[in-house]
Amino acid sequence: MKPEKNHSQTSVGASIFISPIDHITGDVAGLLANFLDALLVRFYPRRICQKVNVVVTELVTNVIQHGTERESEVRLDLSIDPDRLLIKVSNRVTPEEYRTVKAVFDEIFAAEDPRELFARTVRERRNDRRRGGLGLIRLTAENKFHLSTQYVDGILVVQATFP
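Residues numbered from 1 in each chain as written. Predicted model: local features only at pLDDT ≥ 70, side-chain atom pairs only at ≥ 80, totals over all residues. Heavy atoms only, no water.

**Student:** Whenever I open this one, the nonpolar core confuses me. Can you help?
**Tutor:** Most often, soluble globular proteins keep nonpolar side chains buried together rather than apart. V56 and L85 are the most contacted members of the largest nonpolar core, which totals 40 residues. Residue assignment for this core shows that the elements contributing at least two residues are strand 1 (12-18), helix 1 (28-40), helix 2 (46-66), strand 2 (74-80), strand 3 (85-92), helix 3 (95-110), helix 5 (135-141) and strand 5 (155-162). Per element, the largest residue contribution to this core is 9 residues, and it comes from helix 2. Setting aside residues no more than four positions away along its own chain, L85 makes contact with I48, V52, L78, S79, I80, F145, A160, T161 and F162. (Core = buried A, V, L, I, M, F, W, Y, C linked by side-chain atoms within 4.5 Å. Buried < 20%, exposed > 50% of the residue type's maximum accessible area, 1.4 Å probe, protein only. Helix = DSSP H or I, 4+ residues; strand = E, 2+ residues; numbered from the N terminus. Contact = heavy atoms within 4.5 Å.)

Quick look at the structure:
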């Protein structure tokens, strides 16, 4: 009998870009998330793969739905090893769009308890009958990701790190 291999010691990296964003049809975010899930489940526990699925779906969907630079690209970078899971999604945005995204991140960073921020935001949105805007908060409140953002030469990079 062969000894069991510890697959969770495996390092995996992937980079995918699609350009222009305007040519994206269908659920590309879900397709990318499911592809990475199917690949990573060979090496990592299902709970980690599900986290990858949630983050990739959320971040790529945000770019596709809200990016106004429709001729630019969306780029997805993933790296995972025994110590860290890192997912970056980047795209070209205007300075105004970056400030809007940054305001959401600042609110998340300022929250002492991300779960309370999530609950409060849900209540406020329900009262105003607004939709959307909860995904990034959920990544921190429910999935325990650390989020960060940077803006360099017109490119917005959103990074999600676990644990």
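**Student:** Can you help me understand the pairing of strand 3 in this one?
**Tutor:** For strand 3, a buried count of 6 out of 8 residues is recorded, marking the element as mostly surrounded by other parts of the structure. Where strand 2 and strand 3 come together, 7 bridges link them in antiparallel fashion. Along strand 3, the bridge assignment pairs R75 with S90. Counting the residues in the hairpin turn of strand 2 and strand 3 gives 4 residues. (Pairing = 2+ DSSP bridges.)

**Student:** Is there a simple way to explain unusual backbone geometry in this structure?
**Tutor:** Negative phi values dominate among residues other than glycine, just as trans dominates among peptide bonds. Cis geometry marks the peptide bond from S19 to P20; its omega dihedral reads -5°. In this structure, D153 takes a positive phi of about 50° despite not being glycine. Considering the arrangement of structural elements, one finds D153 in the loop between strand 4 (146-152) and strand 5. By relative accessible area, D153 is classed as exposed at 69%.

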